[in-house]
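# Geometric and topological summary
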Amino acid sequence: MTETKTDWREVESRVFMRTGARQPAVLVRGEGSRVWDDDGKSYLDFFGGPATTSLGHCPPVVIEALTDQAQTLIHVSNLFYSVPQLRLAELLVEHSCLDQVYFSNSGAEANEAAIKLARKWGREKKRGAFEVICTLDGFHGRTLTTITASGTDRYKEPFGPLPPGFIHVPFDDIAALKAATTDKTCAVLLEPVQGEGGVIVPDDGYLPAVRRWCDEQNILLILDEIQTGIGRCGALFAYELAGIEPDVMTLAKGIASGVPLAAVLAKDHCAVFAPGDHGSTYGGNPLATRAGYEVVRHIIAEKIPAKVADDGQHLRQRLHSMEDRFELVSGARGKGLLWAVTLSRQVAADAVAKCLERGLIVNNVRPDAVRICPALNIPREELDEGLDILERAFVEISEGTAK
Ligand SMILES: *Cc1c(COP(=O)(O)O)cnc(C)c1O
């Protein structure tokens, strides 16, 4: 009996709305830091969704949480109290500088909620101030308002008119931020490390200076920690590394290791939502928040942020050693397990393809930068195994151009 294999590329070309490029692999199974395609080939995953499968693929804590919760209660609306939701809210409040939480299904929705909160705060507490200062190359999601807040023109051009009230300044430039501030400014929205922008790490003094300016001017500081939060940068939240506290913070990606969940958190002084101001059918439902609770609890209990900080030192050394040895590698930047290795030519897509062939998934976050964001609990041997593959890809590209 012959089994004909489904050509999923052909199915996609017929029925799926293409909004982006796809890597040429149909991934069907995952375990830990590895995934397998429909030919049975295995890959080490240094992309993780991106930065989303924080405990790797199908981690036992998530399997157990989802299985148990699926047999207990999958969904109730936010019209009712929900135990998993409130347990996760308590855990996040206990381990962060924020006081109150509301859950969403995606990062973009959490940022929408943060922006609504800032606008209502501006209306009530700052004589109608509504402008939000954002950063060039910042990324906050793909809804109409979050593409407007993002700093990439390509994401906005086909979709105007866009909502008013968003001002963009260069990242890591406190003078530009000060110059853009007016009496209409209600908030500054930025990422502690720009993720999609290419893993851009600001100068150590930048976030403290932004915090001081927001205090002086009575402006809310909203940190989008959707990519940097939940241990990714070597602390539970990246704001800890800068020694500051945001007024509002958004989380998603790693919060439930791949189960769709996001959150907006705020300090009491700006948590101005009142009943009727916001809502979501699925947001924070029992299934997703049970997974989120177990993931966050596990990351804290196992001291994973400290392990990630160690891995970050190791990654830094290995990537800088590649920089020393290959003309092709021009630098490396990042924190914890969120890194980009920069190339002296625009060949990141080529490097990604060569890695995929050799069984490593990475991503060309920029034409000249490869992002590395493996699972937070990846064992050191697998981290090194993946970096060896990356290095061989760089050798191959270097040799190809040397001839
Ligand atoms: C991924 C990301 C978002 C958007 O999250 P979605 O779940 O895709 O809506 C927003 N901000 C940052 C920093 C992100 O990395």
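The preceding data block contains the structure.
Rules and cut-offs
Residues numbered from 1 in each chain as written. Predicted model: local features only at pLDDT ≥ 70, side-chain atom pairs only at ≥ 80, totals over all residues. Heavy atoms only, no water. Helix = DSSP H or I, 4+ residues; strand = E, 2+ residues; numbered from the N terminus. Expected span 1.5 Å × (residues − 1). Buried < 20%, exposed > 50% of the residue type's maximum accessible area, 1.4 Å probe, protein only. Contact = heavy atoms within 4.5 Å. Polar contact = N/O pair within 3.5 Å; in protein donor to acceptor, adjacent residues only side chain to side chain. Pairing = 2+ DSSP bridges. Right-handed = clockwise from strand over helix to strand, strands pointing away. Near = heavy atom within 4 Å. Nonpolar A, V, L, I, M, F, W, Y, C, P; charged D, E, K, R; others polar. Axes fitted to C-alpha atoms, helices over the stretch in contact; angles between N-to-C directions. Core = buried A, V, L, I, M, F, W, Y, C linked by side-chain atoms within 4.5 Å. Domains from an automatic or database assignment. Phe/Tyr/Trp six-rings, centres within 6.5 Å; stacked < 30°, edge-to-face > 60°.

### Examining unusual backbone geometry
Along the chain, G49 connects to P50 via a cis peptide bond; the corresponding omega equals -20 degrees. Of note, P50 is situated in helix α2 (residues 48–51). Omega for the peptide link from G160 to P161 comes to 0 degrees, which places this bond in the cis form. One non-glycine residue with positive phi stands out, namely D172, at about 65 degrees. Tracing the sequence through the fold places D172 in the loop between β6 (166–169) and α7 (174–180). In the Ramachandran plot, S257 falls in the positive-phi region, its phi being about 50 degrees despite a non-glycine side chain.

### Points about helix α10 (residues 286–301)
Between its first and last C-alpha atoms α10 spans 22 Å; for 16 residues at 1.5 Å apiece the expected length is 22 Å, and the two agree. In terms of burial, α10 is largely enclosed, as twelve of its 16 residues are buried. Burial in α10 covers these residues: P286, A288, T289, R290, A291, G292, Y293, E294, V295, V296, H298 and I299. Where α10 is buried, its residues touch α3 (60–70), α4 (83–94), β4 (100–104) and α11 (304–325). Where α10 begins, the capping side chain belongs to N285, and its oxygen is found 3.1 Å from the backbone nitrogen of L287.

### Some points on the pairing of strand β1 (residues 27–31)
In this sheet, strand β2 (residues 34–37) lies alongside β1 in antiparallel orientation, the contact comprising four bridges. Paired with E31 across the two strands is R34, which belongs to β2. Two successive antiparallel strands, β1 and β2, enclose a turn made up of two residues, where G32 displays a positive phi of approximately 60 degrees.

### As for helix α12 (residues 348–357)
Looking only at α12, the buried set comprises A348, A351, V352, K354, C355 and L356. Looking one or two residues past α12, G359 carries a phi angle of roughly 90 degrees, positive in sign.

### Here's the deal with the pairing of β6
Side chains on a regular strand alternate between the two faces of the sheet. As paired strands, strand β5 (residues 131–135) and β6 are joined by four bridges and run parallel to one another. The residue of β6 that forms the bridge with I133 is I167. Handedness of the crossover joining β5 and β6 through helix α6 (residues 144–149) is recorded here as right-handed.

### Concerning the site of the ligand
Taken together, S106, G107, A108, N111, F139, H140, G141, E191, D224, I226, Q227 and K253 make up the full set of residues near the ligand. Backbone polar atom of G107 to an oxygen atom of the ligand: 2.8 Å apart, as the coordinates give it. A108 places a polar main-chain atom, nitrogen or oxygen, 2.8 Å from an oxygen atom of the ligand. Ranked by residues supplied to the shell around the ligand, first place goes to helix α5 (residues 107–125) with three residues. Looking at the shell around the ligand, its residues break down into three nonpolar, six polar and three charged.

### Section: the sheet that holds strand β15 (residues 369–372)
In any sheet, the strands associate via hydrogen bonds between backbone groups, in a parallel or an antiparallel arrangement. An order of β11-β12-β15-β14 is seen for the four strands of this open sheet, with the pairing classed as antiparallel. The open sheet has two edge strands with one neighbour each: β11 (329–335) and β14 (363–366). For this sheet, the mean angle separating the axes of adjacent strands, direction not counted, is 30 degrees. Note that β14 and β15 share two bridges and pair antiparallel. Its bridge partner being in β15, N363 is matched across the sheet by R371. Here α11 sits on the sheet and contacts β11, β12 (338–343) and β15; the angle it forms with β11, its principal contact strand, is near 170 degrees. Along the sheet face, α12 touches β12, β14 and β15 and points at about 165 degrees away from the line of β14.

### Notes on the nonpolar core
In terms of nonpolar packing, the biggest core is built from 78 residues, with L92, V188, I255, L319, I372, L390 and F394 touching the most fellow members. Take this core: its biggest share by element is seven residues, from helix α13 (residues 380–402). When residues of this core are sorted by domain, at least three fall in each of domain 1 (8–59 + 304–399) and domain 2 (73–301). When near neighbours in sequence (up to four residues on either side) are disregarded, L390 contacts L319, M322, V341, C355, L360, V370 and I372. A129, C134, A149 and L220 belong to the second-largest nonpolar core, a separate cluster that totals 21 residues.

### Examining the packing of aromatic side chains
Counted under the stated rule, the structure contains four aromatic pairs. Ring geometry for F139 and Y155: centres 5.9 Å apart, planes at 80 degrees, overall edge-to-face. Of this pair, F139 sits in the loop between β5 and α6 while Y155 sits in the loop between α6 and β6, and the two are 16 residues apart along the sequence. Each member of the pair, F139 as well as Y155, is classed as buried. Between F171 and Y206, the ring centres sit 5.4 Å apart and the planes meet at 75 degrees, which makes this aromatic pair edge-to-face.

All we've got here are geometric facts, nothing functional implied.
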